[in-house]
Amino acid sequence: MFSCFNRMWMRKCVFSNFLCEAAASHSTQEQTIKSLAEPQITCEERRNTPVVFDGCLQSENRMAYRGTVKPFVNFNAKHDAEILHKAMKGLGTNEDTIIMLLSARSNDQRQQIKAAYKKAYGKDLVSGLKSELNGVLENLIVALMTPPTLYDASQLHKALKGAGTDDNVLIEILASRTGEEIEDIIKVYKKEFNAKLEKDICSDTEGHYQKLLVILLQGSREEGVDEEKIEKDAKDLFAAGEGKFGTDEETFVTILGNRSVEHLREVFDAYKKLSGSDIEDSIEGETTGNLEKLLVAIVKCARSVPGFLAEGLYKSMRRAGTDDNTLMRIMVSRSEVDMLDIRACFKKTYGVSLYSTIQEDTAGDYQKALLYLCGGND
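First, a word on what this report is: a plain description of the structure on this page.

What counts, and at which threshold
- Residues numbered from 1 in each chain as written.
- Predicted model: local features only at pLDDT ≥ 70, side-chain atom pairs only at ≥ 80, totals over all residues.
- Heavy atoms only, no water.
- Axes fitted to C-alpha atoms, helices over the stretch in contact; angles between N-to-C directions.
- Helix = DSSP H or I, 4+ residues; strand = E, 2+ residues; numbered from the N terminus.
- Left-handed = near helix turned anticlockwise from the far one by under 90°.
- Contact = heavy atoms within 4.5 Å.
- Expected span 1.5 Å × (residues − 1).
- Buried < 20%, exposed > 50% of the residue type's maximum accessible area, 1.4 Å probe, protein only.
- Salt bridge = Lys/Arg side-chain N within 4 Å of Asp/Glu carboxyl O.
- Polar contact = N/O pair within 3.5 Å; in protein donor to acceptor, adjacent residues only side chain to side chain.

Here's the deal with the packing of helix H11 (residues 207-217) against helix H16 (residues 289-303)
Look at H11 against H16: their axes get within 8 Å of each other, and the N-to-C directions meet at 35°. Between H11 and H16 the crossing geometry is left-handed. Here His-208, Tyr-209, Leu-212, Leu-213 and Leu-216 of H11 lie close against H16, whose contacting residues are Asn-290, Leu-291, Leu-294, Leu-295 and Ile-298.

Structure (structure tokens):
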């Protein structure tokens, strides 16, 4: 059971209605950040957060709300704007207040705070935050202040328009988002950047990799499970790869790009019975480069989106140097979606908690913010 506020919050928070009512019953003994209880999800509502299950559930089996960040119960946009203004006013910046407040508000509430701040002070809140913060903490806070769909669209635009193409971003977002989410991303991309996402992707990619990305952009997977196609699809995939000399990439692209995730899981089971190996092994043996990465990502997302993203987080912190862009992108974009499931998959797969891994790999205020989004230790 999560406590309402840990002792560090009690000690540092100076605004009375920023505290939870239950905090009064806790000791105010000072502790170092490493010995603190895990940061909370929000305030009163966070006490009711379900216990994280021990396993990676498939997408459609998850509970309706599996995020670690929930709407703050006693929300007051005007007062929050005032708190942030005081935190940035004068000499020095109270990073703790900024981090604790924004990590305890939903994205929709942050947008309301942004509007209230501009109305009260005639300034843009995000611009103010950027002027007071720096480095990875600045990037993380700005990401938290960005509406989710715009954040995805911005990440894709940056991946396409930066120095070279960041294919890992294209693969992560387009493989893991729903058809409806992709449709919204395309609309926001056009509005924000006055460009067509599909055209920009086609300008930067080629071959079967490009074709599969374009198919995913359509967001129109078939629905349900077609029992008559399960065995046929499994046999076609086997014949297109392990069962022939060379590889028929077109078959992999067509089946993995268009069938429903429910249907694909049935096909993967049938494929293993037929070939004796997992479909991922076949893809890795028969394809290369970005097409291989995208096909494998689709398979992993069909099995479990949280599992796929847990792997992304692990790799962002367990390789030489921290991939802060991936770490931030997943932590921010999934904090209100399925972070509890990602945590469970992380612990089950790697034997350590996401929380402790973040502690080991990051530091300072940036670490604090990530731990608050993580929502607790497992």
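Moving on, there is more to tell.
As for helix H4 (residues 107-121)
Across its 15 residues, H4 extends 21 Å between first and last C-alpha, which sits within 8% of the 21 Å expected from 1.5 Å per residue. Those residues of H4 that are buried are in contact with helix H2 (77-88), helix H3 (95-103), helix H5 (125-132), helix H6 (135-144) and helix H7 (148-161). Remark: Gly-122 follows H4 within two positions and exhibits a positive phi of approximately 65°.

Overview of the environment of Gln-155
Looking at the element boundaries, Gln-155 is found in helix H7. On the accessibility criterion, Gln-155 (15% relative accessible area) is buried. Expressed as a C-alpha distance, the spacing of Gln-155 and Leu-170, which sit 15 residues apart in the sequence, is 8.6 Å. The contacts of Gln-155, once residues within four sequence positions are left out, are Val-169, Ile-173 and Arg-329.

Focus: the pattern of salt bridges
Per the counting criterion, the structure on display carries 20 salt bridges. Salt-bridge contacts for Asp-80 lead to Arg-105; the nearest nitrogen and oxygen are separated by 2.7 Å. With Asp-80 in helix H2 and Arg-105 in the loop between H3 and H4, the pair connects residues that are 25 residues apart, well separated along the chain. Accessibility assignment for this pair places Asp-80 and Arg-105 in one class, buried. Glu-82 serves as the salt-bridge partner of Lys-86, at 3.2 Å between the closest nitrogen and oxygen. Taken together, the positions of Lys-86 and Glu-82, both in helix H2 and 4 residues apart, correspond to about one turn of that helix. Residue classification places Glu-82 among the partly exposed positions, given a relative accessible area of 31%. Each of Asp-96, Asp-365 and Lys-368 takes part in a single network of salt bridges with overlapping partners.

As for the side chain of Thr-287
Positionally, Thr-287 belongs in the loop between helix H15 (279-286) and H16. A distance of 2.6 Å separates a polar atom in the side chain of Thr-287 from the backbone oxygen of Ile-283. Excluding residues that lie within four positions of it along the chain, Thr-287 makes contacts with Thr-247, Glu-249, Glu-292 and Leu-295.

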